[in-house]
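Observations on chain architecture
Take a look at the letters that make up each chain.
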2 protein chains.
Amino acid sequence: MNNNSVFLGDKFYNREHVNFVLFDVLHAEKLAEHEYFSGHDKDTIDLYLNSIDQFAKEYLFPHLVEMDRKQPELIDGRIRVHPVHKDIMRISGENGWISILASKEVGGMQMPSTIATAGSFILAAANYSGVVFAGLTMGAAHLIESFADKKYHDIYLQKMFAGEWQGTMALTEPGAGSSLSDVVSTAEKQEDGSYKISGQKIFISCGDSDVVDNVVHLLLARVKGAPAGIKGISMFIVPRERISDDGSLTDNDVISAGVYHKMGYKGAPIAHLIFGENDNCLGWLVGEENKGLSYMFQMMNEARISVGLHAASISSAAYYASLKYANERLQGRNIAEKAPEKPQVPIINHADVKRMLLFQKTFVEGSVCLELQCSYYADMERVSEGEEKERYNLLLELLTPVAKSYPAEMSNLSTSTAIQIFGGYGFTKDFIAEQYYRETRIHTIHEGTTAMHGLDLLGRKVMMKNGKAVMYLMQEVMKDITSAKQNENTKVHASSLEKKLMQLQELSMHLMGVAQKEGVEAYLSDATLYLELFGILVLGWLWLKMANIANNKSANDDSANKEFMKTKLLCCNYFFEYELPKAEGLLTRLKSTNRVTVNMDSTLID
Amino acid sequence: MNNNSVFLGDKFYNREHVNFVLFDVLHAEKLAEHEYFSGHDKDTIDLYLNSIDQFAKEYLFPHLVEMDRKQPELIDGRIRVHPVHKDIMRISGENGWISILASKEVGGMQMPSTIATAGSFILAAANYSGVVFAGLTMGAAHLIESFADKKYHDIYLQKMFAGEWQGTMALTEPGAGSSLSDVVSTAEKQEDGSYKISGQKIFISCGDSDVVDNVVHLLLARVKGAPAGIKGISMFIVPRERISDDGSLTDNDVISAGVYHKMGYKGAPIAHLIFGENDNCLGWLVGEENKGLSYMFQMMNEARISVGLHAASISSAAYYASLKYANERLQGRNIAEKAPEKPQVPIINHADVKRMLLFQKTFVEGSVCLELQCSYYADMERVSEGEEKERYNLLLELLTPVAKSYPAEMSNLSTSTAIQIFGGYGFTKDFIAEQYYRETRIHTIHEGTTAMHGLDLLGRKVMMKNGKAVMYLMQEVMKDITSAKQNENTKVHASSLEKKLMQLQELSMHLMGVAQKEGVEAYLSDATLYLELFGILVLGWLWLKMANIANNKSANDDSANKEFMKTKLLCCNYFFEYELPKAEGLLTRLKSTNRVTVNMDSTLID
């Protein structure tokens, strides 16, 4: 089974939209005016995105189906994966993509994260399983660069940047999934400063493979005697192969105990690993003891943006496949003139198919805007000082659970909608939609389930610094509402959003009262729904922001551009008509004091 | 890979709930007071359901995983399926299950459809792919019994009832999926009264297999010279093997051109068939020429109830697997006391997990009630006369698109929620949830996509006989609202539903105005959302109806029963708190006059 026998379509993302968000919405090219990002400009950014685009089309997309059909297997103690992964890592290394975000000090390119995020969107839209080795390696290298002693930079970073070694994040254990405070892997300090590592890790993405010579695990464990809970967790560099002084590699007692067989995302191996089964696994401390979780949060926060981004990537590809089909497939006639003698029409002419296409397009493009906006805040935080720095940091912190979870949840619906457009064919393996539906289902789970992000948003982020983050976000949103009110195209929508924001504020006040009167369990009991509500309003804001620009551009620009801007206004209109109203039911439930779940006696349900 | 290596749980449905709906809500045993159903009583019904239950546990559930892993293949012109299908058909025949609904005149049992529907729910909850051969055979036999000349009864029915032959419905063609008026298969009358059949049919469930000796297709085709559109479609009996006078079978030129490989529901073969490739395929007319579609609607309406039912079946099994896991899996602590020294608790204690369980349970049980209610209307239509008969007919007609589509759509979310409860494990093949998620995805597509049912509801059913069907339904609902208002447990919910019903009425009036002013395309443009809204309100009604009984029973009954009734009130409470509010956003959108989709220029989106 190869791509040729499966209906894929020919387009998996929209470059114009990526450019629109980067340059018209965010003016990302201006980031280069800051010292840290100097050397980059619109031309170098274009070159980078062009090379990403070409690679995605030539290497990643053509192997999409194959990587689903031929999944990784554990053979003779090593996980074997699709051979194209080797090319991908080599080329990613050669092109400097793995070090693109790293500092020049360690040989990186100091590209704005906003741009690298756009690149990552394109790659994952072509083939999600194809990008994880390089992506995880970037994250692991960033941790080493940020928190590990310089001597480890020399040992690991160049190999990782070159794509010769890869990195992982080794957090989850059989008894510690969502609850990281329950990590039980241990580390015992040796005389030479290294630690003996012992424990099991599960669900480790790219935890082992035959792609590269060495795997560098960033692993969480407890130093013997450390306090219970999250205050006793440390981070270690634990390579699959130890590096001798002469550079040669020797086995470090990291055993691949299994590879998970999954419903989708099959091109990427997910491993069950045993560390120190033979009492011969060594690790090296990153930073200080017992601070591991705070370090890991850097990587987790980056990974969370990636999860939301890649959910949008997969949905983008599913959307374009279904759009192509909707333009080609003849079925039925205009509902007002059903004469059977007339020829059938392409299904894109039916109102419900238009709705299903707009649903996908608006979700995908809104989510791309959300993820790039977050990366932009990360870049601005880096180059700002004082209160300004805090402002960007708080905006990013507040939006991270939304950026992770809203696209992840919606991607299940969006890819399902793509299947629906294909009708019966969508349920078959002859059309790509079902693969996207299976692939994307992981995103509401990995890097923290949606429920965890609901708790993060309502339990931590909304309240942090006395609600300062929310205040900053409201300022951003109100700016765009004020502009949108000036134009007939967006005036009504601007008022709708303003009204919903006021309701959200009232709701948040109401919930503070619940926290005081009924306690934290009642307060957080519907945090998942609060997150969903928050996500809808954030997307509404971003569509208004994009529509403001479209309003300006279509008043001034040439005609080709006008068509593009019209489409943006169409999507904004769709969002406010079909998606924003979903906030109403959520508000009703969240304001209710009927504690259905908290008061539920678990033994009652059977 | 067999069941043993996959986490399945041990329960796939709740017999108490089935009994509650059958006997407490519908009093289905009283159907036997009608002549047609005489001979059945509570005891024989229990015996029937017990034997179904035992068979489901012993034959169907144990092969659930295997049938997913080893899918049908076309080998030497015949589709080969899992061998357990042979046992299933044989036993279904031996036990009289295939003829259970048929009239005594043709050797059937004249069981109320309400009871047979409950049986079908149980079987499909154990293994959806395992029940389709018998189910399709029942439907095809029913068509022959209802509309074909008696001489065909003798030829086909006994073999089909015995499980020696099976039936199909052969409608869909490459150019005629949702648009049946575009069927192009042809039939040419021969001198002996038979017809020469020629054409291709796709997506034919159980269209070919090595399970039984013969396959009896109920096929739609056009007699040469017939009018265009649905007025020129006739129905034919087209067996895979022709029956000679001596009873021997000879090839009837029905070629299996392919078997579809699907994302789920893999145990059932779906075939691409070519009829008359060698100009040697004969068919026999059912009833009169050009009336085929009206006959087929009998089977389609029954099949639509089955689709909704089986979506609930699969979701039921997914729910019980996730419930078992939620009770066993330790993770995290009560949110109010997070001390890491305390032991972790089963995840069922977390509010969001409770919400996810109640979502599934309430959906499954509400949908079972909906499908059984529909079957009950079908039974009552059969045994009634005059206006009463019309009333039951109209109630059934009105609810059929809802009964097909609401559970189908919600099942995607419900099985997804089951996955979510399993966390990372839910995405792996080691746990059953992902299989249910894949299996159920077909239900919004086959027997008419959700969009088609939206058009059916808003374009036909709501308006038929000047809205008489809706009026009858409102009478039913108001009765239950009035009762529910008498009890503190349900008073508030009853008022909420009443208010929403009034809004639905207002909306329907508003839409009639749209039809007049803007035309049918605008009127029907959001029919899918109207269907969703209607479905939510219907489920609200049924939960109120069930709660009314729970109110009465818990006031009077013994304590074991009281626990059960408490759970019903809990589910009702959940539905009104979490599901009914979703109607709000739908009402807002449906009342809007902003014609986003109708006015959309299709060339704009890319």
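What you are looking at is a predicted structure, and each value in this text was computed from that prediction instead of being measured.

Turning to the overall build of chain A, a few remarks are in order. Helix and strand counts for chain A come out as 18 helices and twelve strands. Principal-axis analysis of the C-alpha atoms gives chain A an extent of 80 × 60 × 60 Å. Taken across its 606 residues, chain A has 59% of its residues classed as buried. Of the contacts made within chain A by residues no fewer than 6 positions apart, 77% connect residues no fewer than 24 positions apart.

All names here are of chain B. A positive phi angle, near 55°, is found at Cys206, a position not held by glycine. Mapped onto the elements, Cys206 comes out in the loop between strand S5 (195-205) and strand S6 (214-223). Non-glycine residue Asn466 carries a positive phi angle of around 55°. Within the secondary structure, Asn466 sits in helix H13 (residues 464-484).

This part covers the interface of chain A and chain B. The interface is formed by 78 residues belonging to chain A together with 79 residues belonging to chain B. Listed by contribution, the elements that provide at least two residues to the side of chain A that touches chain B are helix H9 (351-383), helix H10 (386-422), helix H11 (433-440), helix H15 (520-524), helix H17 (559-579) and helix H18 (582-591) of chain A. For the side of chain A that touches chain B, the element with the most residues is H17 of chain A, which contributes eight residues.

Bringing the environment of Ala378 of chain B into the picture now. Residues and elements named next belong to chain B. Among the structural elements, Ala378 can be located in helix H9 (residues 351-383). Taking the C-beta count within 10 Å as the criterion, Ala378 has 22 such neighbours and is therefore assigned buried. Linking Ala378 and Glu397, residues 19 residues apart in sequence, is a C-alpha distance of 9.4 Å. When sequence neighbours within four positions are dropped, the list of residues in contact with Ala378 reads Ser113 and Leu396.

All right, on to the packing of helix H1 (residues 15-25) of chain B against H9 of chain B then. Residue and element names in this part refer to chain B. At a closest axis distance of 10 Å, the pairing of H1 and H9 adopts a crossing angle of 40°. With respect to their mutual orientation, H1 and H9 come out oblique. Every pair of crossing elements has a handedness; the one defined by H1 and H9 is right-handed. On H9, the residues touching His17, Val18, Val21, Leu22 and Val25 of H1 are Glu365, Val368, Cys369 and Leu372. A breakdown of the residues in the contact of H1 with H9 according to their chemical character gives seven nonpolar, one polar and one charged.

Each copy superposes on the other: chain A lies on chain B with an RMSD of 0.0 Å after a rotation of 180° and an axial shift of 0.0 Å. On this basis, the relationship between the two copies can be described by a two-fold rotation axis. Residue by residue, 100% of the interface of chain A is reproduced at the interface of chain B, so both copies engage with the same surface.

Residue and element names in this part refer to chain A. Running from amino to carboxyl end, helix H13 (residues 464-484) crosses helix H14 (residues 491-518) at an angle of 150°, the nearest separation of the two axes being 8 Å. As judged from the angle between their axes, H13 and H14 are roughly antiparallel. Crossing handedness for the pair H13 and H14: left-handed. Of the residues in H14, those touching H13 at Met474, Val477, Ile481 and Ala484 are Lys491, His493, Ala494, Leu497, Glu498 and Leu501.

Along the chain, the position of Phe297 of chain A falls in helix H8 (residues 292-328). Here the alpha-carbon distance between Phe297 of chain A and Lys465 of chain A, two residues 168 residues apart in the chain, equals 19 Å.

Residues and elements named next belong to chain B. Across the ten residues that make up S6, a large majority, eight, are buried. Sheet topology places strand S4 (residues 186-189) next to S6; two bridges connect them, and they run parallel. Bridging from a neighbouring strand, Ala187 pairs with Val223 of S6. Strand direction decides the pairing type here: S6 and strand S7 (residues 234-239), joined by six bridges, are antiparallel. Paired with Leu220 across the strands is Met235, a residue of S7.

Turning to the pairing of strand S3 (residues 165-170) of chain B, a few remarks are in order. Among the six residues of S3 of chain B, six are classified as buried, and the element is accordingly described as predominantly covered. Of the two faces of S3 of chain B, the one carrying Trp165, Gly167 and Met169 of chain B and the one carrying Gln166, Thr168 and Ala170 of chain B are both buried.

Residues and elements named next belong to chain B. Positionally, Lys545 belongs in helix H16 (residues 527-556). Among the residues examined, Lys545 registers 23 C-beta atoms within 10 Å and is labelled buried. Measuring from C-alpha to C-alpha, the distance between Lys545 and Val477 comes to 8.3 Å, with 68 residues separating the pair along the chain. Ignoring any residue separated from it by four or fewer positions in sequence, one finds Lys545 in contact with Val25 and Asp480.

Further remarks concern the confidence of the model for chain A. Overall, the prediction assigns chain A a mean pLDDT of 96, with 99% of residues at 70 or greater. Interface predicted TM-score (ipTM) for the complex: 0.97; the corresponding pTM is 0.97.

Quick look at helix H6 (residues 132-147) of chain B now. The periodicity of an α-helix, 3.6 residues per turn, causes residues three or four positions apart to be oriented the same way. Look at H6 of chain B: 22 Å from first C-alpha to last across 16 residues, which is about the 22 Å you get at 1.5 Å a residue. Of all 16 residues making up H6 of chain B, 15 are buried, and the element is well covered by its neighbours.

All names here are of chain A. Look at helix H7 (residues 150-161): 16 Å from first C-alpha to last across twelve residues, which is about the 16 Å you get at 1.5 Å a residue. Of all the positions in H7, only Tyr156, Leu157, Lys159, Met160 and Phe161 are classed as buried. Against the buried residues of H7 lie helix H4 (84-94), helix H6 (132-147), strand S3 (165-170), strand S6 (214-223) and strand S7 (234-239). Looking one or two residues past H7, Gly163 carries a phi angle of roughly 80°, positive in sign.

So, how was this worked out
Residues numbered from 1 in each chain as written. Chains lettered and ligands numbered in written order. Predicted model: local features only at pLDDT ≥ 70, side-chain atom pairs only at ≥ 80, totals over all residues. Helix = DSSP H or I, 4+ residues; strand = E, 2+ residues; numbered from the N terminus. Buried ≥ 20, exposed ≤ 12 C-beta atoms within 10 Å, placed from the backbone. Contact = placed C-beta atoms within 7 Å. Axes fitted to C-alpha atoms, helices over the stretch in contact; angles between N-to-C directions. Parallel < 35°, antiparallel > 145°, perpendicular 65-115°, else oblique. Left-handed = near helix turned anticlockwise from the far one by under 90°. Nonpolar A, V, L, I, M, F, W, Y, C, P; charged D, E, K, R; others polar. Least-squares fit on C-alpha atoms with pLDDT ≥ 70 in both. Pairing = 2+ DSSP bridges. pLDDT = per-residue confidence, 0-100. Expected span 1.5 Å × (residues − 1).

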